[in-house]
Amino acid sequence: MAKICYSCGKKPSFGNARSHSLRATRRRWNPNLQKIRIQEGAAQKRVWACTSCLKAFKLQKVSAKTPVSQAV
């Protein structure tokens, strides 16, 4: 699975790193992606999401499982 944001499609961008002598070497800028669990329908799914989408509440993380209460 590629490292692309599930919500907005953000992915690495490419360009040149320029030294003091202006020599160009290839580099890439990676988005800040986090692997999170989301609820999709009845199933839970693990996806990559960028932090800007998480901050804007475009995706909602699934909370930790609560223990099942036992009947007495």
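Provided above is the structure to which this section pertains.
By convention here, each chain's residues receive numbers from 1 onward along its written sequence. Totals for whole chains, interfaces and linings use all residues, but because this is a predicted model, local features are given only for residues with pLDDT of at least 70 and pairs of side-chain atoms are given and counted only at 80 or more. Values reported for side chains reflect all heavy atoms of the structure, with hydrogen atoms and water molecules removed beforehand.

Moving on: the overall build of the protein. Each helix is a run of H or I in the DSSP string that is no shorter than four residues. Each strand is a run of E no shorter than two, and both are numbered from the N terminus. Check the secondary structure of the protein and you find one helix and four strands. Counting helices and strands in the order they occur from the N terminus, the protein gives β-β-β-β-α. Considering the protein as a whole, with its 72 residues, one finds that 19% of them fall into the buried category. By definition, residues are in contact when any of their heavy atoms lie within 4.5 Å. If you take every contact in the protein between residues at least 6 apart in sequence, the share linking residues at least 24 apart comes to 31%. Surface accessibility of the protein: about 6200 Å² in total, with carbon and sulfur atoms responsible for 52%. Only protein chains enter the accessibility calculation, which uses a 1.4 Å probe; a residue whose area is less than 20% of its type maximum is buried, one above 50% is exposed, and one in between is partly exposed. To measure how exposed things are, a 1.4 Å probe is used in the Shrake-Rupley method; for residues, cover is taken only from the protein chains shown.

Let us now look at a positive patch on the surface. Note on patches: the residues involved have over 30% relative accessible area and no salt bridge, like charges join within 9 Å, and the nonpolar side chains Val, Leu, Ile, Met, Phe, Trp and Tyr join within 5 Å. The working definition used for a salt bridge is a side-chain nitrogen of Lys or Arg within 4 Å of a carboxyl oxygen of Asp or Glu. Charge assignment in this entry is limited to Lys and Arg as positive and Asp and Glu as negative, and neither His nor the chain termini are counted. Taken as the charge centre is NZ of Lys, CZ of Arg, CG of Asp or CD of Glu, depending on the residue. A cluster of basic side chains, namely Lys3, Arg28, Lys35, Arg37 and Arg46, defines a positive patch on the protein surface. Mapping Arg28 onto the fold places it in strand S2 (residues 24-29).

Here we come to the pattern of salt bridges. What the rule picks out here adds up to one salt bridge. Measuring nitrogen to oxygen at the nearest pair gives 3.4 Å for the salt bridge that ties Lys45 to Glu40.

Looking now at the nonpolar core. Here, nonpolar core means buried Ala, Val, Leu, Ile, Met, Phe, Trp, Tyr and Cys residues that are tied together by side-chain atoms lying within 4.5 Å of each other. Listed in full, the six residues of the largest apolar core are Ile36, Ile38, Val47, Ala49, Leu54 and Leu59. Counting only elements with at least two residues in this core, the list comes to strand S3 (33-40) and strand S4 (43-50). Among the nonpolar cores identified, the runner-up in size contains five residues, and Cys5, Leu33, Cys50 and Cys53 belong to it.

Looking now at the state of the cysteines. The definition used for a disulfide is geometric: two cysteine sulfur atoms within 2.5 Å. Under the defined criterion, the tally for this structure stands at zero disulfides. Between Cys5, a free cysteine, and Cys8, which holds the nearest cysteine sulfur, the sulfur-to-sulfur gap is 3.6 Å. In this structure Cys50 is a free cysteine whose sulfur lies 3.4 Å from that of Cys53, the closest cysteine sulfur available.

Look at Leu22: it is not a glycine, yet its phi comes out positive at around 65 degrees. Counting through the fold element by element, Leu22 comes out in the loop between strand S1 (13-18) and S2. On the basis of relative accessible area, Leu22 is assigned to the exposed category, the value being 58%. Its identity is not glycine, yet Phe57 carries a phi of approximately 60 degrees, on the positive side. Relative to the helices and strands, Phe57 is located in the segment after helix H1 (51-55). Phe57 gets classed as exposed once you look at its relative accessible area, which sits at 63%.

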